[in-house]
Amino acid sequence: MFSRTALSAVAGQALRPRCNPLLSPRFAALQKSFLSTETKSAIDKAVGSAPVVLFMKGTPETPQCGFSRASIQILGLQGVNPQKFTAFNVLEDEELRSGIKEYSDWPTIPQLYVNKEFVGGTDIMMSMHQDGSLAKLLEEKDVLVPADSDASSTSS
């Protein structure tokens, strides 16, 4: 009895694949095809709806996770013009929540787009904020609140 069980265990291990074949490069194209045409079109439209777009958990007024809160704070500190900014709450739509990750090939939320280009998540935003490259990008893309010309002229 013991030898049959031992033999079955050894044979089972020998026949079992050592790695998941679905993770091989041959199946990469299949994995990418889960994003429906409708969802991709909706995300394209959302990404193009404003110069600065943030896909987040919650809303800017009531973020539902610490990373989304940090992203909103960073954009506020940078001086992003509210008229050039919009946010999408991925918690309201499961298809959007999973689709945006595939769309950007980025596994986490929040996700920032500037002029339809993916910038990154909170970690990238934080790093860019700290090294000054986010301020430079936002200024180059002309998405910051304009400097108040009245305040500068009255101080002269």
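Here is what the cut-offs are and how they apply
- Residue positions are given per chain, counted from 1 along the sequence in the order it is written.
- Two thresholds apply to this predicted model, a pLDDT of at least 70 for residue-level local features and 80 or more for giving and counting side-chain atom pairs, whereas whole-chain, interface and lining totals are computed over all residues.
- As a rule here, side-chain values cover all heavy atoms of the structure and leave hydrogens and water aside.
- Secondary structure elements are defined from DSSP: runs of H or I of at least 4 residues count as helices, runs of E of at least 2 residues count as strands, and each element is numbered from the N terminus.
- Any helix carries an expected span of 1.5 Å times its number of residues minus one.
- Residues count as neighbours in contact if any of their non-hydrogen atoms are within 4.5 Å of one another.
- Between Lys or Arg on one side and Asp or Glu on the other, a salt bridge is scored when a side-chain nitrogen of the former is within 4 Å of a carboxyl oxygen of the latter.
- With a 1.4 Å probe rolled over the protein chains alone, any residue whose accessible area is under 20% of its type maximum counts as buried; one over 50% counts as exposed, and the rest are partly exposed.

Novice: Residue-level account of helix 4 (residues 66-78), with values.
Specialist: Between the first and last C-alpha of helix 4 there are 18 Å, a value that for 13 residues agrees with the 18 Å anticipated at 1.5 Å per step. Close packing links the buried residues of helix 4 with strand 1 (52-56), strand 2 (85-89), strand 3 (111-114), helix 6 (122-131) and helix 7 (133-140). A positive phi of about 85 degrees marks Gly79, the residue just after helix 4.

Novice: Lay out the pattern of salt bridges in plain terms, naming residues and giving numbers.
Specialist: For the coordinates displayed, the defined rule picks out two salt bridges. With a closest N to O distance of 3.2 Å, Lys40 and Asp44 form a salt bridge. In this pair, Lys40 and Asp44 are both assigned in helix 3 (residues 37-47), four residues apart and thus about one turn of the helix distant. For Asp142, the salt bridge goes to Lys84, with nearest N and O atoms at 3.7 Å. Residue Asp142 is located in the loop between helix 7 and helix 8 (149-154), and its partner Lys84 is located in the loop between helix 4 and strand 2; the two are separated by 58 residues in the primary sequence. Residue classification places Asp142 among the exposed residues on the basis of a relative accessible area of 52%. The exposure class assigned to Lys84 is partly exposed, which follows from its relative accessible area of 25%.

Novice: I'd like a rundown of unusual backbone geometry, residues and numbers included.
Specialist: Leaving glycine aside, a negative phi is the common case for residues, and trans is the common case for peptide bonds. Here Ile109 and Pro110 are connected by a cis peptide whose omega angle stands at 15 degrees. One non-glycine residue, Asn115, lies in positive phi territory at about 50 degrees. Following the sequence through the fold, Asn115 ends up in the loop between strand 3 and strand 4 (117-120). For Lys116, which is not a glycine, the phi torsion comes out positive at approximately 70 degrees. When you line up the elements, Lys116 lands in the loop between strand 3 and strand 4. Overall, the relative accessible area of 60% leaves Lys116 in the exposed class.

Novice: Describe the side chain of Thr122, with residues and values.
Specialist: Tracing the sequence through the fold places Thr122 in helix 6. For Thr122, a relative accessible area of 9% gives the class buried.

None of this, on its own, says anything about what the molecule does.
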